[in-house]
Amino acid sequence: MLLTYLDESYTDRWYWMDALLVPDVVAILLSTALDEVMLDAAKAYGVAAESELHGYGLFQGRAPWTGLPPRARIAVYNSALKAIGSHEVTIILRGVDRHGLTRRYATPKPAHEVVLSHLLERIDGYAAMREQLVLVIADEVDNPATHRSDLSRYRAAGTGGYRAVRAGGEQMSDEILGKLRRPVHGSGRRGRRGSQGGGPRGAGAAVWSCGLILDRVDRDGSARVKKRCGVSLTIPIEPDRERAGRVTRRWFEVCSDRLVGEFGEVVRSTPQDRLVFVAERPDEIKAQVGTAVDPPVGYQGESWEWDVVYSAVAWEELLGRMESLPDQGSWEASTYWAAGPVLSVAMARYGGFVELASSIGDAEAADSRRLLAPVREVAEVSAPVAVAFAEQWNPMVTPLEQALSRYAVGVEEAGVVLRNYGWLTILSDEMADRVGGFARLRDSGAFVEAERLAQGSCWLLATKTWDEYGPEHADRLFELFAPVLPPGKPQLREFKSIVMGEPPEWHVLPNIVAQRDPREWL
């Protein structure tokens, strides 16, 4: 288990939280080392040996460090850091610009809530790499009841955002089972000697959130990584914006009926009183629909977001809103259970393109023809410029973009470079001309299907089934598509998380692309 101690630091503008992750077998050793730091300080400077190593007191010269010169206080601080750094521990930092929150959102969430949720997401990712339980221990802060409520919401509904983790359902993380343990060691900032919040003893005596335990297992207790498949389709908005709106609506209709799997029908047939924003009981399902429109710069009025619990009436409202092409829209559902099913049908508008995305049910993922038919139906009427089927699916980043770390520019450059190639590739007519024309692609022998779509673009299927697609196919496609591929050599492994003081931790990406740079091929 990783004992994880949280603490906060802030100014009028910035709010930071740090997490010190200590393996259980190291905790006593580290606590003893910090005791020795205080014993040395007591001998050298006359402070009480039972004093705590509070960073604020050391920096500001407050009790028990009053009267000590800066050099002495720096020496104690340095000794404490050396004690921590000499043990197998990890530090994760997250922070937020309070002024930026106010500028971006009409009704921003409290900085503590934003940073805490982001920090828990990073802790979850780090623990996943090591297949460890995590016990999160936080300092007492103002309004503890509110923060207990926040943690309960993370347990039931997820942390929100693009890195969302959820105790009781699968979001970005593989499988998370979250439980809260309340109170552990009483309250207040004073307790056994240690560092404030960020150390094995000082923080342990000031627990109010007490033990958010993240356990990466299925309900039957077996540890595994789920495939979590999905598909995305990129379509242009111009020259026919109304058509793009109709296509977006059709995507939601087709995917909800034919791609998201059996769970979609379960949601539709569940009694309305069991569909909720936050699933707090096993018989409840979190199911919601919503849209968001970015307000003009400087707007200070009410939020332009619409977000309601799923119902037949709300679904029809969502479909109607899709035709107007909001900035974002989605239907999301998940269960109380960590290993339970999840579904997502979503859209997002970037520049001149709309990214359409859908999760894929397990049965549908195992049947290639069931996968292709709904995508083909929408592709025929939309002149798409890219498609991506993916495992461990990220709805707004294709496997090629992930391997190139092109997280911010992919959709916006969809008319210039090919966003993805793979089992199924869709190429715009303009890009097809740049690689030698449709006839060259069709006659290359690289595809079991090579056809033109009704509204434009090329439908190129490399193998009959998704499972057949392998590295040899990726190499062949790379050579065909090199003139329209984004620059750079894809890396099929990436950082799981970035953690201060840790050596690089990598995980292998599950989707196949050629590890070759088109600039070296052309």
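Residues numbered from 1 in each chain as written. Predicted model: local features only at pLDDT ≥ 70, side-chain atom pairs only at ≥ 80, totals over all residues. Heavy atoms only, no water.

For the protein chain, the helix and strand inventory stands at 16 helices and 19 strands. Looking at the protein chain as a whole, 54% of its 522 residues are labelled buried. For the protein chain, long-range pairs separated by at least 24 residues make up 68% of all intrachain contacts whose partners lie at least 6 apart in sequence. Counting every atom, the protein chain has about 24000 Å² of accessible surface; 51% of that belongs to carbon and sulfur. (Helix = DSSP H or I, 4+ residues; strand = E, 2+ residues; numbered from the N terminus. Buried < 20%, exposed > 50% of the residue type's maximum accessible area, 1.4 Å probe, protein only. Contact = heavy atoms within 4.5 Å. Areas by Shrake-Rupley, 256 points an atom, 1.4 Å probe, with all protein chains shown as cover.)

A grouping of Trp14, Trp16, Ile91 and Leu93 is seen on the molecular surface, where their side chains present a nonpolar patch of about 370 Å² in accessible area. Every element with two or more residues in the nonpolar patch is listed here: β2 (14-23) and β3 (90-97). (Patch = residues over 30% accessible without salt bridge, like charges linked within 9 Å, V, L, I, M, F, W, Y side chains within 5 Å. Salt bridge = Lys/Arg side-chain N within 4 Å of Asp/Glu carboxyl O.)

Let's shift gears to the pattern of salt bridges. Per the counting criterion, the structure on display carries 25 salt bridges. Salt-bridge contacts for Arg376 lead to Glu380; the nearest nitrogen and oxygen are separated by 2.7 Å. Accessibility expressed as a relative area gives 18% for Arg376, which makes it buried.

Most of strand β7 (residues 230-236) sits inside the fold, with seven of its seven residues counted as buried. Burial along β7 is two-sided: the residues Gly230, Ser232, Thr234 and Pro236 and Val231, Leu233 and Ile235 are all buried. Sheet analysis places β7 next to strand β14 (residues 386-390), joined by five bridges and oriented antiparallel. Bridging from a neighbouring strand, Thr234 pairs with Ala386 of β14. Summarising the sheet, β7 and strand β13 (residues 353-359) pair through seven bridges and their orientation is antiparallel. Bridge assignment links Ile235 to a residue of β13, and that residue is Val354. (Pairing = 2+ DSSP bridges.)

To continue, consider the sheet that holds strand β15 (residues 424-427). Two orientations exist for strands paired in a sheet by backbone hydrogen bonds: parallel and antiparallel. Spatially, the three strands line up as an open sheet ordered β15-β17-β16, and their pairing is antiparallel. On the outer flanks of this sheet lie β15 and β16 (449-452), each paired with one strand and no other. Neighbour-to-neighbour, the strand axes of the sheet open up by a mean angle of 15°, direction not taken into account. Inspection of the sheet shows β16 paired to strand β17 (residues 458-461) by four bridges, in the antiparallel sense. (Axes fitted to C-alpha atoms, helices over the stretch in contact; angles between N-to-C directions.)

Counting residues in each nonpolar core, the largest one holds 78 residues, and the members touching the most others are Val267, Phe389, Tyr421, Leu427 and Phe481. Not counting chain neighbours up to four residues away, the residues in contact with Phe481 comprise Leu418, Tyr421, Thr425, Leu427, Val435, Leu441, Phe447 and Leu460. Of all hydrophobic cores here, the second largest spans 25 residues; its members include Ala33, Leu34, Val47 and Val76. (Core = buried A, V, L, I, M, F, W, Y, C linked by side-chain atoms within 4.5 Å.)

A few words on the packing of helix α7 (residues 241-258) against helix α11 (residues 368-379). At a minimum axis separation of 9 Å, α7 and α11 run at an interaxial angle of 165°. One way to sum up the angle between α7 and α11 is to call them roughly antiparallel. Handedness of the crossing formed by α7 with α11: right-handed. Across from Val247, Arg250, Trp251, Val254 and Arg258 in α7, the residues of α11 making contact are Arg370, Ala373, Pro374, Glu377 and Val378. Residue composition of the contact of α7 with α11, by class: six nonpolar, no polar and four charged. (Parallel < 35°, antiparallel > 145°, perpendicular 65-115°, else oblique. Left-handed = near helix turned anticlockwise from the far one by under 90°. Nonpolar A, V, L, I, M, F, W, Y, C, P; charged D, E, K, R; others polar.)

Of all residues except glycine, most have a negative phi; of all peptide bonds, most are trans. Looking along the chain, the bond that leaves Ala63 and enters Pro64 is cis, with omega of 5°. Unlike most non-glycine residues, Ala383 shows phi in positive territory, near 50°. With respect to the element layout, Ala383 can be found in the loop between α11 and β14.

Okay, helix α3 (residues 70-85) next. Along its 16 residues, α3 runs 22 Å from first to last C-alpha, staying within 8% of the 22 Å computed at 1.5 Å per residue. Every buried residue of α3 is accounted for by Ala72, Arg73, Val76, Ala80, Ala83 and Ile84. Each buried residue of α3 lies within a common arc of 120° when the element is viewed along its axis, so the set occupies one face. Exposed residues pointing more than 90 degrees away from the buried face of α3 are listed as Pro70, Arg71, Ile74, Lys82 and Gly85. Against β2, α1 (24-45) and α2 (55-60) lie the buried residues of α3. (Expected span 1.5 Å × (residues − 1). Arc of directions from axis to C-beta.)

Another point: the packing of aromatic side chains. Under the defined criterion, the tally for this structure stands at 12 aromatic pairs. On the numbers, 6.4 Å between centres and 65° between planes, the contact of Phe478 with Trp521 is edge-to-face. In this pair, Phe478 is assigned in helix α15 (residues 471-481) and Trp521 in helix α16 (residues 518-521), connecting sequence segments 43 residues apart. Relative accessible area serves as the criterion here: at 1%, Phe478 is assigned to the buried category. A relative accessible area of 41% places Trp521 in the partly exposed class. (Phe/Tyr/Trp six-rings, centres within 6.5 Å; stacked < 30°, edge-to-face > 60°.)

A few words now on α11. Relative to the 16 Å expected for 12 residues at 1.5 Å per residue, α11 spans 16 Å between its end C-alpha atoms, a close match to the ideal helical length. For α11, the set of buried residues is Ser368, Leu371, Leu372, Pro374, Val375, Arg376, Val378 and Ala379. Regarding α11, its N-cap is Asp367, as a side-chain oxygen of that residue lies 3.2 Å from the backbone nitrogen of Arg369 further along. (Polar contact = N/O pair within 3.5 Å; in protein donor to acceptor, adjacent residues only side chain to side chain.)

Moving on: the pairing of strand β12 (residues 342-350). The side chains of a regular strand alternate, residue by residue, between the two faces of the sheet. Alignment of strand β11 (residues 328-335) against β12, held across seven bridges, turns out to be antiparallel. In the strand pairing of β12, Glu332 is matched with Ser344. The sheet contact formed by β12 and β13 spans six bridges and is antiparallel. For Arg349, the partnering residue across the bridge sits in β13 and is Val354. Turn length for the β12-β13 hairpin, with the two strands adjacent in sequence and antiparallel, is two residues, and the turn residue Gly351 shows positive phi of about 55°.

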